[in-house]
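For reference, the chains in residue letters:
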Amino acid sequence: LQHMFAMFGATVLVPIITGLSVSATLLFAGLATLFMHLITGKKVPVFLGSSFAFLGGYAAVVAAGEQYGLTQAQSLPYACVGVACAGLLYLVLAAICKVYGSKNIIRFFPPVVTGPIIIAIGMNLAPSAINNCETNWLIALVAIVVVIVCNIWGKGMIKIIPILLGVVISYAAAACFGQVDFSGVKSAAWFGVPFKMQDTAFAVFQNPNWGLVITAIITILPISLATMMEHIGDMCAISSTTGENYLEDPGLHRTLMGDGLATA
């Protein structure tokens, strides 16, 4: 339950920023996590949520799609093709770790390397955050204050879910100021399919624009180098927190393979 609350804020924020489906993101993040646990023998307490590292890649692919006369909705599946290829690149590093051993690989990625990469991924969100805040600074400040207060002075569950509380409380504040449009909720069906096939990477190959396919892969594939470093940093952090060496058991090669295939 704590994992679910902790993952929710960041996992849904990425599709909101990129224009992807929130329900599809939650569905496949859940399936990817179950697949990861299957690959790693259910030994690593981790949830595979959205990665902020790919935001720049998504924006670049959408901009490239505009050059071909495609809308954002039509361009996003091409970006998904790029992310799937990025996930497969994990298998290359996983194979290297298997052949040469995790210890020989991990020494090239100390905290002084993985830490700044994770920080840089977070800092990459700053322009998006400022743009969002400019729409209503009062509500933005409510969210910021709630997150900071809960993160520093919160106890128990409150300290675990500061982002979710920031979203909920600022959303309530926005509703009080008449800044929330409930018409979409009112018109929505009670039950529905969480994703549409035309929004997935498979839709690209029904009538592919090969120029945009190649552009998407070239744009997004290198980003996986950052997310793989992020993965290593996460595994080290989780190992330190739990007192278990997940780099040895189930092994970095297995966690990389699970993360990569799950991403794809």
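The residue count restarts for each chain, going from 1 along the sequence in the order it is written. It should be noted that, the model being predicted, local features are given only for residues of pLDDT at least 70 and side-chain atom pairs only at 80 or more, the latter also being counted only at that level, while totals for whole chains, interfaces and linings use all residues. Note that the side-chain values use all heavy atoms of the structure and ignore hydrogens as well as water.

Draft legend 1. How the structure looks around the overall build of the protein. The helix and strand labels rest on DSSP assignments: H or I over at least four residues marks a helix, E over at least two residues marks a strand, and numbering proceeds from the N terminus. Scanning the protein from N- to C-terminus turns up 14 helices and zero strands. Along the protein, helices (α) and strands (β) appear in the sequence α-α-α-α-α-α-α-α-α-α-α-α-α-α when read from the amino end. Expressed as lengths along the three principal axes of its C-alpha atoms, the size of the protein is roughly 60 × 55 × 35 Å. Looking at the protein as a whole, 37% of its 264 residues are labelled buried. Long-range contacts, defined as pairs at least 24 residues apart, comprise 73% of the intrachain contacts of the protein with a sequence gap of at least 6. For the protein, the accessible area works out to roughly 15,100 Å², and carbon and sulfur atoms hold 69% of it. By the counting rule applied here, Lys and Arg register as positive and Asp and Glu as negative, while His and the ends of each chain are not counted. The location of each charge is read from NZ of Lys, CZ of Arg, CG of Asp or CD of Glu. A distance of 10 Å separates the average location of the 10 positive side-chain charges in the protein from that of its 10 negative side-chain charges. To sort residues, take the accessible area from a 1.4 Å probe on protein chains only and compare it with the maximum for the residue type: under 20% means buried, over 50% means exposed, and anything in between is partly exposed. Residue contacts are defined here by distance: any two heavy atoms, one from each residue, within 4.5 Å place the two residues in contact. In short, Shrake-Rupley with a 1.4 Å probe defines the accessible areas, and a residue's cover is counted only from the protein chains shown.

Draft legend 2. Expanded view of the pattern of salt bridges. A carboxyl oxygen of Asp or Glu within 4 Å of a side-chain nitrogen of Lys or Arg is what we treat as a salt bridge. Taken as a whole and judged by the stated rule, the model has one salt bridge. In this structure, K43 and D249 form a salt bridge, with 2.8 Å as the shortest nitrogen-oxygen distance. Residue K43 is found in the loop between helix 2 (22-39) and helix 3 (55-67), and its partner D249 is found in helix 14 (residues 247-263); the two are separated by 206 residues along the sequence. Overall, K43 belongs to the partly exposed group, its relative accessible area being 41%.

Draft legend 3. Layout of a nonpolar patch on the surface. Patch membership requires more than 30% relative accessible area and the absence of a salt bridge. Residues of like charge join within 9 Å; the nonpolar side chains Val, Leu, Ile, Met, Phe, Trp and Tyr join within 5 Å. A surface patch of nonpolar side chains, about 860 Å² in accessible area, is lined by I130, W137, L141, I144, V145, I148, V149, I152 and W153. Looking at the nonpolar patch element by element, the count peaks at eight residues for helix 8 (residues 137-153). Looking at where W137 falls in the secondary structure, it is placed in helix 8.

Draft legend 4. Layout of the packing of helix 3 against helix 4 (residues 72-100). Axis separation between helix 3 and helix 4 bottoms out at 8 Å; the angle between their running directions is 130 degrees. Here helix 3 lies oblique to helix 4, going by the angle between them. At the point where helix 3 passes helix 4, the crossing takes the right-handed sense. Residue-level inspection shows Y58, V61, V62 and G65 of helix 3 in contact with helix 4, the latter providing Q72, S75, L76, Y78, A79, C80 and V83. Here the term charged refers only to Asp, Glu, Lys and Arg, the term nonpolar to Ala, Val, Leu, Ile, Met, Phe, Trp, Tyr, Cys and Pro, and the term polar to all other amino acids, Gly among them. Classifying every residue of the contact of helix 3 with helix 4 gives eight nonpolar, three polar and no charged. Axis lines are fitted through C-alpha atoms, for helices just across the contact stretch, and the angle between N-to-C directions can take any value from 0 to 180 degrees. Comment on the angle field: the value is read as roughly parallel under 35 degrees, roughly antiparallel over 145, roughly perpendicular from 65 to 115, and oblique elsewhere. The hand of a helix crossing depends on one turn: near helix anticlockwise from the far one by less than a right angle means left-handed, and clockwise means right-handed.

Draft legend 5. Representation of helix 13 (residues 223-242) within the structure. The length a helix should cover is 1.5 Å for every residue beyond the first. An ideal rise of 1.5 Å per residue puts 28 Å on 20 residues; helix 13 measures up with 29 Å between its terminal C-alpha atoms. Immediately downstream of helix 13, the backbone of G243 shows phi near 80 degrees, a positive value.

Draft legend 6. Expanded view of the environment of W153. Locating W153 in the fold gives a position in helix 8. Note on W153: relative accessible area 60%, which makes it exposed. Expressed as a C-alpha distance, the spacing of W153 and A172, which sit 19 residues apart in the sequence, is 22 Å.

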